[in-house]
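Fold and contact review
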Amino acid sequence: ALVTSTEMFKKAYNGGYAIGAFNINNMEIVQAITDAAAELKSPVILQASQGARKYANSVYLVKLVEAANEIHPEVPMVLHLDHGADFATCKDCIDNGFTSVMIDYSSHSFEENIEESRKVAEYAHEHGVVVEAELGTLAGIEDAVSVDADKAMFTDPDQVEEFVNKTGVDSLAIAIGTSHGAYKFKPGTNPKLRLDILAEVSRRLPGFPIVLHGSSSVPQEYVKIINEHGGKLKDAIGVPEDQLREAARGAVCKINIDSDLRLGMTAGIREHFVANPDHFDPRQYIGDGRKYVKDIVAHKIKNVLGSENTI
Ligand code: G3H
Ligand code: 13P
Ligand code: ZN
Ligand code: NA
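An account of the accompanying structure is given in this report. (Residues numbered from 1 in each chain as written. Chains lettered and ligands numbered in written order. Predicted model: local features only at pLDDT ≥ 70, side-chain atom pairs only at ≥ 80, totals over all residues. Heavy atoms only, no water.)

1. Considering the coordination of the zinc ion (ligand 3)
- Summarising the metal site, the zinc ion (ligand 3) is bound by the protein donors His83 (NE2), His180 (NE2) and His213 (ND1), whose distances to it range over 2.0 to 2.1 Å.
- Each donor residue of the zinc ion (ligand 3) lies on one chain, and together they are spaced H-x96-H-x32-H. Separated by 33 residues along the polypeptide, histidine 180 in the loop between strand 6 (171–174) and helix 9 (195–204) and histidine 213 in the loop between strand 7 (210–212) and helix 10 (220–228) bring together distant segments of the chain.
- For histidine 180, a relative accessible area of 47% gives the class partly exposed. (Donors = N, O, S within 2.8 Å, 3.2 Å for Na, K, Ca; no water. Helix = DSSP H or I, 4+ residues; strand = E, 2+ residues; numbered from the N terminus. Buried < 20%, exposed > 50% of the residue type's maximum accessible area, 1.4 Å probe, protein only.)

So, in structure tokens, the structure goes:
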């Protein structure tokens with residue numbers, strides 16, 4: 001059923017696991033994610049970025065998620081706006097079938113972030129929709145060269161209570177060393193999330209759901225398939241899965257994954273074309289991409305999120 005994340009997060013918080021928030025851009029990705037969630041009896045969050053809404057047309061994405069719900073009525077699903085840029089974008093989603101929105105004003109001042117997030121939360125709550133906001137700046141750990149850079153980048157635990165109290169948002173994305181994309185860390189380094197900041201944030205906000213963006217792990221077996229079939233992905237490195245599992249045991253209730261699905265889709269399609277240079281039926285090669293995306297989502301549910309068998 002299409003739901004908000006309220007109950008989902010409560011159960012995840014108390015159960016020591018997290019819900020996967022996977023980015024959707026087309027039918028095959030929606031199918032891969034929701035088929036995996038149904039097989040493993042896991043709730044799931046389907047999230048659409050502004051780029052996705054532009055690529056697919058938001059109406060298609062809403063209808064695809066409605067279709068997935070008709071096919072898997074037993075699976076709790078959230079349709080979430082990823083990185084909403086402003087009130088108007090959030091309003092459009094709230095008015096048109098989304099059950100959750102993110103207002104991302106994290107690059108604005110603390111005061112502007114509070115004001116825009118508060119405005120979105122007020123409108124969303126009037127319409128039965130929940131809101132995620134963000135405090136802190138997501139960037140690669142390698143950029144943290146000084147204490148000042150550290151401060152600028154990671155979420156400041158001293159700000160979280162005021163932010164949540166003044167905005168009334170339902171969940172908070174924090175920056176603890178994750179970043180977007182497939183090139184997160186310097187090769188040869190030992191990536192470490194700031195789980196100490198997460199612990200301090202959850203001490204300040206007991207019971208409150210925390211969100212991690214930029215949480216792809218960039219599985220090297222898929223990078224290898226891509227590079228062995230004509231691809232050139234150099235130094236693609238992600239977040240170690242055991243650290244995400246650790247975060248999911250604590251206050252983190254939502255973990256965002258997009259890049260890993262892109263790698264899976266690309267690996268399946270590249271492999272298919274090399275093995276079958278005579279094929280030109282999109283169902284054949286996109287079907288192979290879909291298979292890998294489903295495998296990756298299943299792996300996340302079982303080994304990273306811990307949300308298997310929680311429906
Ligand atoms: O946070 C970014 C997500 O991976 C979505 O990316 O804006 O290219 O759709 P996108
Ligand atoms: P990745 O690029 O690590 O998959 O992060 C996705 C994300 O945070 C979407 O909001
Ligand atoms: Zn993100
Ligand atoms: Na959790």
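That was the structure; now back to the text.
2. Notes on the nonpolar core
- Ile24, Ile33, Val101, Leu172 and Ile210 are the most contacted members of the largest nonpolar core, which has 92 residues in total.
- A total of 9 residues in this core trace back to one element, the largest contributor, which is helix 13 (residues 282–305).
- Apart from the residues lying within four places of it in its own chain, the contact partners of isoleucine 33 are Phe22, Asn23, Ile24, Val44, Leu46, Leu261 and Val297.
- Counting 9 residues, the second-largest nonpolar core is a separate cluster that includes Met8, Ala12, Ala21 and Ile45. (Core = buried A, V, L, I, M, F, W, Y, C linked by side-chain atoms within 4.5 Å. Contact = heavy atoms within 4.5 Å.)

3. Structural notes on the site of ligand 2
- The local shell around ligand 2 holds 16 residues, among which Asp82, Lys184, Ser216, Asp258 and Ser259 are the closest.
- In the model, an oxygen atom of ligand 2 is placed 3.2 Å from a nitrogen or oxygen of the histidine 83 side chain.
- With respect to ligand 2, the side chain of histidine 180 contributes an N or O atom lying 3.0 Å from an oxygen atom.
- Applying the majority rule of atoms within 2 Å of the grid points places ligand 2 in the second largest pocket. (Near = heavy atom within 4 Å. Polar contact = N/O pair within 3.5 Å; in protein donor to acceptor, adjacent residues only side chain to side chain. 1 Å grid on protein atoms, 1.4 Å probe; cavity = no way out; pocket = protein on both sides within 12 Å on 5 of 7 lines; lining within 4 Å. Sits in = over half its atoms within 2 Å of the grid points.)

4. Regarding the pattern of salt bridges
- Under the definition given, this model contains 21 salt bridges.
- Between lysine 63 and glutamate 66 there is a salt bridge; the shortest N-O distance is 3.8 Å. Taken together, the residues lysine 63 and glutamate 66, both in helix 4 (residues 58–71) and 3 residues apart, mark about one turn of the helix.
- We classify glutamate 66 as partly exposed; its relative accessible area is 37%.
- The salt bridge partner of arginine 194 is aspartate 196, with a shortest N-O separation of 2.9 Å.
- By relative accessible area, arginine 194 is classed as partly exposed at 28%.
- Three or more residues joined by partner-sharing salt bridges are found here, namely Asp158, Glu200, Arg203 and Arg204. (Salt bridge = Lys/Arg side-chain N within 4 Å of Asp/Glu carboxyl O.)

5. Description of the layout of surface pockets
- Within this model, the second largest pocket holds a volume of roughly 250 Å³.
- Taken together, 17 residues make up the lining of the second largest pocket; nearest its centre are Asn23, His180, Asp258, Ser259 and Arg262.
- Counting only elements with at least two residues in the lining of the second largest pocket, the list comes to strand 2 (44–49), strand 3 (77–84), strand 8 (252–257) and helix 12 (259–275).
- Here the lining of the second largest pocket is built from residues that sort into 1 nonpolar, 12 polar and 4 charged. (Points joined across faces, edges and corners; volume = space filled by probe spheres on them. Nonpolar A, V, L, I, M, F, W, Y, C, P; charged D, E, K, R; others polar.)

6. Some words on empty space enclosed by the protein
- In the structure shown here, the tally under the stated rule is 1 cavity of 30 Å³ or more.
- Of the voids in this model, the largest cavity is the one considered here, and its volume is about 40 Å³.
- With 3 residues, the single largest contributor to the lining of the largest cavity is strand 5 (residues 130–135).
- The class makeup of the residues in the lining of the largest cavity is 4 nonpolar, 4 polar and 2 charged.

7. Details of the pairing of strand 3
- Across the 8 residues that make up strand 3, a large majority, 7, are buried.
- Bridging between strand 2 and strand 3 involves 6 bridges; their strand directions are parallel. Opposite isoleucine 45, over in strand 3, you have valine 78 as the bridge partner.
- Looking at chain direction, strand 3 and strand 4 (residues 100–103) are connected through 3 bridges and run parallel. Each bridged residue has a counterpart across the sheet, and for histidine 80 the counterpart in strand 4 is serine 100. (Pairing = 2+ DSSP bridges.)

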